[in-house]
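# What the coordinates show
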Amino acid sequence: MTKIRVLQQNVVNHISRNFDAIGTGNPKIGGADFKWQMCEPGYWVAGFYVGELWLAYQITGDERFKNQARQRNPFFQHLLHVPELLNHDLGFLFSLTQVADYKLTGNREARELALRAAEALRAQYQQMGEFIQAWPLTKINTENRNELAAGRMLIDSFENLALLFWAHQETGIQSFYDVAYAHAKTAVKHLIREDGTTFHTFKFDPSTQEPMYGQTLQGYADSSCWSRGQSWAVHGLTQIYAYTKDKAFLDACEKVTGFALANLTEEGICPWDYTLPEGSEVIWDSSATAITCAGVAALSQIEGYEHYREKAAAMLNGLQQHCDLTGNAEAEGLLDHGAYFVTRGDKRAMLPYGDYYYFEAIRRLNGESNFFW
């Protein structure tokens, strides 16, 4: 049995033995005790653990994984009935849950939920600026998002577009594709700098939607390069290219990937920000590493880009050696050393997106190319 298959089996076993501990919640963040705190209604990370369950089902055919995934459906059904919960993260929430269910089982109810989510995501499109707005102004103002809402695009959106591209393939409705394509072009133009670094977010004038300036809200500074933001671009652009076959997106992917790979730590791990002042504390982000690794592995699956496989394998080895928790019977997640929000003091945690992409990277390096994006 090859090393990668052993690692894959370890992940499947670890997920299975934590069924009871996790219950029917959706993991949000894990602390020093390696136990999960769960998501509140609508929270953007709620789909990642479900995505892990569907990956495990894809491998094993074990009905327990499918049943665990579907037990969470009320969370996603409720979300679509609450206007203030509808924002640019619907792709994260529904690609890895309802699109996954439909692709693997043919479940028509899951298909309908995913299409409703795609319609809600399309509705966030700002026609003059040609971008999908991150968050609407709402009365609940979760995490002070109203201060950031109007005229705001986030780099996370590179990943959310797959839901729209899938909806176009599924229905033939051209506007799904057109909105996703237009936003992707705008994002490449404004979020990726000439040197291959990225902004976390870009601000447009709320009235005219004219482009204004980039910012890096979770990184060290507006001028720095937050590694998890960079990772969303690395992985997301591979998916956008897969749907559009527009080489401009592939070129952009190579640009951001090249910068990321050139600035890993000696262990093959992403520092939390790539462009920190000399002498800064070294803080790893296993989540950025896992997302980047899965993206580089996806890039290596494109004809002519196979040479990236070795680089993805090296990153996966770094994660396994330094962050993997599958040998810890007390841990409910897969990876340690996730940097949630360093400037707020959250420097080390389990993060469900890190776990999901770790599993996806393993699957890609094991030869799988059929995913839920």
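Look above for the structure.
A quick note: this is a predicted structure, and the numbers were derived from the prediction, not measured. (Residues numbered from 1 in each chain as written. Predicted model: local features only at pLDDT ≥ 70, side-chain atom pairs only at ≥ 80, totals over all residues. Heavy atoms only, no water.)

## A short note on the overall build of the chain
Operational definition: Under the scheme used here, helices are H or I runs from DSSP no shorter than 4 residues and strands are E runs no shorter than 2 residues, and both carry numbers assigned from the N terminus. Each radius of gyration is computed over the set of C-alpha atoms, and the globule rule expresses the reference value as 2.2 Å times the number of residues to the power 0.38. Throughout this description, buried means an accessible area under 20% of the type-specific maximum (1.4 Å probe, protein chains only), exposed means over 50%, and partly exposed covers the range between. The contact criterion used throughout is that any non-hydrogen atoms of two residues lie within 4.5 Å.
Summing up its helical and strand segments, the chain has 14 helices and seven strands in all. For a compact globule of 373 residues, the expected C-alpha radius of gyration is about 21 Å, and the chain comes in at 19 Å, within 12% of that figure. Counting only C-alpha atoms, the chain reaches 55 × 50 × 45 Å along its principal axes. Put simply, the chain has 373 residues, and 62% of those count as buried. Contacts in the chain between residues far apart in sequence, at least 24 positions, make up 67% of those at least 6 positions apart.

## Considering the nonpolar core
For clarity, the threshold we go by: For this analysis, a nonpolar core means a set of buried residues of the types Ala, Val, Leu, Ile, Met, Phe, Trp, Tyr and Cys, connected via side-chain atoms within 4.5 Å.
The biggest cluster of nonpolar side chains holds 128 residues, and the ones touching the most others in it are Phe48, Leu163, Leu237, Tyr353, Tyr357 and Tyr358. Every residue in contact with leucine 163, bar those within four places of it in the chain, is listed here: Leu90, Gly91, Phe94, Ser95, Val99, Ala114, Ala117, Ala118 and Leu121.

## Description of the pairing of strand E7 (residues 211–215)
The test is simple: At least two DSSP bridges between two strands are required for those strands to pair.
Examined bridge by bridge, strand E6 (residues 201–204) and E7 share four bridges and lie antiparallel to one another. Following the sheet pairing, phenylalanine 202 is matched in E7 by glycine 214. Hairpin geometry of E6 and E7 is characterised by an intervening segment of six residues between the two adjacent antiparallel strands and by a positive phi of about 65 degrees at glutamine 209.

## Some remarks on the packing of helix H3 (residues 47–60) against helix H4 (residues 63–70)
Inclusion rule: Axis definition: a line fitted to C-alpha atoms, over the contacting stretch in the case of helices. Angles run 0 to 180 degrees between N-to-C directions. For classification purposes, an angle smaller than 35 degrees is called roughly parallel, one larger than 145 roughly antiparallel, one from 65 to 115 roughly perpendicular, and anything else oblique. Handedness of a crossing follows from how the near helix is turned relative to the far one, being left-handed for an anticlockwise turn of less than a right angle and right-handed for a clockwise one. When residues are sorted by character, Ala, Val, Leu, Ile, Met, Phe, Trp, Tyr, Cys and Pro go into the nonpolar class, Asp, Glu, Lys and Arg into the charged class, and all the rest, Gly among them, into the polar class.
Where H3 contacts H4, the two axes come as close as 8 Å, and the packing angle between them is 155 degrees. Put simply, H3 runs roughly antiparallel to H4. Classified by chirality, the crossing of H4 by H3 is left-handed. Side by side, H3 and H4 meet where Val50, Leu53, Trp54, Ala56, Tyr57 and Thr60 of the first sit next to Glu63, Phe65, Lys66, Gln68, Ala69 and Arg70 of the second. Across the contact of H3 with H4, the residue classes tally to seven nonpolar, two polar and three charged.

## Quick notes on the packing of aromatic side chains
For clarity, the cut-off: Centres within 6.5 Å are what make two rings of Phe, Tyr or Trp a pair, Trp counting through its six-membered ring; a difference in plane orientation under 30 degrees is then read as stacked, over 60 as edge-to-face, and the rest as tilted. Here, a charge over a ring means that NZ of Lys or CZ of Arg falls within 6 Å of the ring centre while also lying within 35 degrees of the ring normal.
In the structure shown here, the tally under the stated rule is 27 aromatic pairs. Relative to phenylalanine 48, the ring of tryptophan 44 lies with its centre 6.0 Å away and its plane at 90 degrees, an arrangement referred to as edge-to-face. An angle of 10 degrees between the planes, with centres 6.0 Å apart, marks the rings of tyrosine 177 and tyrosine 181 as stacked. With a gap of four residues between them, tyrosine 177 and tyrosine 181 both fall in helix H9 (residues 174–191), about one helical turn apart. Each residue in the set Trp44, Phe48, Phe92, Trp232, Tyr353, Tyr356, Tyr357 and Trp373 is aromatic and connected to the rest through ring pairs, giving one cluster. Cation over ring: arginine 193 sits above phenylalanine 199, and NZ or CZ is 4.0 Å from the ring centre.

These values are about where atoms sit, not about what they do.
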